[in-house]
Amino acid sequence: MSPKPTCHLIRPESTYEGKQGLTYFAGIATESVGSSGICMHVLTMPPGARAKAHLHENHETAIYVLSGEVHTWYGDRLEHHIVVKAGDLFYIPAGVPHLPANLSNAASSAVIARTDPNEQESVVLLPELDALVA
């Protein structure tokens, strides 16, 4: 018999390196609280930071930008481009290749939620797309 579920408080003090090449503040995930359908983390991208091209297999991503702005290329060949700014919400469907980069001279922070409770489980790197974004 499993223990009764309970609430958890997370203070994002520790970090981890994601497969995408960025440093995340540890947050809500299977590993930290036993979540079964969602994860949520905080990401701060320093000026010039860039992720590796990737997708999240079978899992959606929702992003709320707290500060700064991030350029994101997305699509099968990263052919689409959008600038997501503080106060914006950005949705990435499951299986869509994307590559975010902070091209500004200020840090950008965002809250990221995914329908994958194991944050890094569904990350698929796409090195063949990295060179498509200068």
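In this text, all values refer to a predicted model and were calculated from it rather than measured experimentally.

Reading the values: the criteria
- Residues numbered from 1 in each chain as written.
- Predicted model: local features only at pLDDT ≥ 70, side-chain atom pairs only at ≥ 80, totals over all residues.
- Heavy atoms only, no water.
- Helix = DSSP H or I, 4+ residues; strand = E, 2+ residues; numbered from the N terminus.
- Rg over C-alpha atoms; globule rule 2.2 N^0.38 Å.
- Buried < 20%, exposed > 50% of the residue type's maximum accessible area, 1.4 Å probe, protein only.
- Contact = heavy atoms within 4.5 Å.
- Areas by Shrake-Rupley, 256 points an atom, 1.4 Å probe, with all protein chains shown as cover.
- Lys, Arg positive; Asp, Glu negative; His and termini not counted.
- Charge placed at Lys NZ, Arg CZ, Asp CG, Glu CD.
- Pairing = 2+ DSSP bridges.
- Axes fitted to C-alpha atoms, helices over the stretch in contact; angles between N-to-C directions.
- 1 Å grid on protein atoms, 1.4 Å probe; cavity = no way out; pocket = protein on both sides within 12 Å on 5 of 7 lines; lining within 4 Å.
- Points joined across faces, edges and corners; volume = space filled by probe spheres on them.
- Nonpolar A, V, L, I, M, F, W, Y, C, P; charged D, E, K, R; others polar.
- Disulfide = S-S within 2.5 Å.
- Polar contact = N/O pair within 3.5 Å; in protein donor to acceptor, adjacent residues only side chain to side chain.

What follows is about the overall build of the protein. Secondary structure summary: the protein contains two helices and eleven strands in total. In terms of overall size, the protein behaves like a compact globule, its C-alpha atoms giving a radius of gyration of 15 Å where 134 residues would be expected to give roughly 14 Å. Each principal axis of the C-alpha atoms in the protein carries an extent, and together these give about 50 × 30 × 25 Å. Taking all 134 residues of the protein together, 38% fall into the buried category. Across the protein, contacts joining residues at least 24 apart in sequence account for 69% of those joining residues at least 6 apart. Approximately 7,500 Å² of the protein is accessible, and the part contributed by carbon and sulfur atoms is 58%. If you average the places of the 8 positive and of the 14 negative side-chain charges in the protein, the two averages end up 4 Å apart.

Moving on to the sheet that holds strand S8 (residues 89-92). An order of S1-S2-S3-S10-S5-S8 is seen for the six strands of this open sheet, with the pairing classed as antiparallel. In this open sheet, the two edge strands, each paired with only one partner strand, are strand S1 (15-17) and S8. Looking at each pair of strands side by side, their axes are set apart by 30° on average, direction ignored. As paired elements, strand S5 (residues 61-67) and strand S10 (residues 108-114) share six bridges and run antiparallel to each other. Each bridged residue has a counterpart across the sheet, and for Thr61 the counterpart in S10 is Arg114.

This brings us to empty space enclosed by the protein. Applying the stated criterion to the full structure yields one cavity of 30 Å³ or more. If you add up the space inside the largest cavity, you get close to 240 Å³. What lines the largest cavity is a set of 21 residues, among which Leu43, Ile63, Val70, Pro100 and Ile112 lie closest to the centre. Secondary structure elements with two or more residues in the lining of the largest cavity: strand S3 (39-45), S5, strand S6 (69-74), S8, strand S9 (98-101) and S10. Sort the elements by how many residues they give to the lining of the largest cavity and S10 lands first, with five residues. Partitioning the lining of the largest cavity into residue classes produces 13 nonpolar, seven polar and one charged.

What follows deals with the environment of His98. Tracing the backbone through its elements, the reader meets His98 in strand S9. Beyond its immediate sequence surroundings of up to four residues, His98 is in contact with Lys52, Ala53, His54, Leu55, His56, Thr72, Trp73, Tyr74, Leu78 and Ile92.

A word on the state of the cysteines. Inspection of the entire model under this criterion finds zero disulfides. This cysteine, Cys7, is not joined by any disulfide, and Cys39 carries the nearest cysteine sulfur, 18 Å off. Residue Cys7 is classed as exposed on the basis of its relative accessible area, which comes to 76%.

Right, let's get into the side chain of His56. Position of His56 relative to the elements: it lies in strand S4 (residues 54-56). Of the residues examined, His56 reaches a relative accessible area of 1% and is grouped as buried. Separated by 3.4 Å, the side chains of His56 and His54 make a polar contact. Apart from residues no more than four positions distant in its own chain, His56 is found in contact with Gln20, Thr61, Ala94, Gly95, His98, Arg114, Ser122 and Val123.

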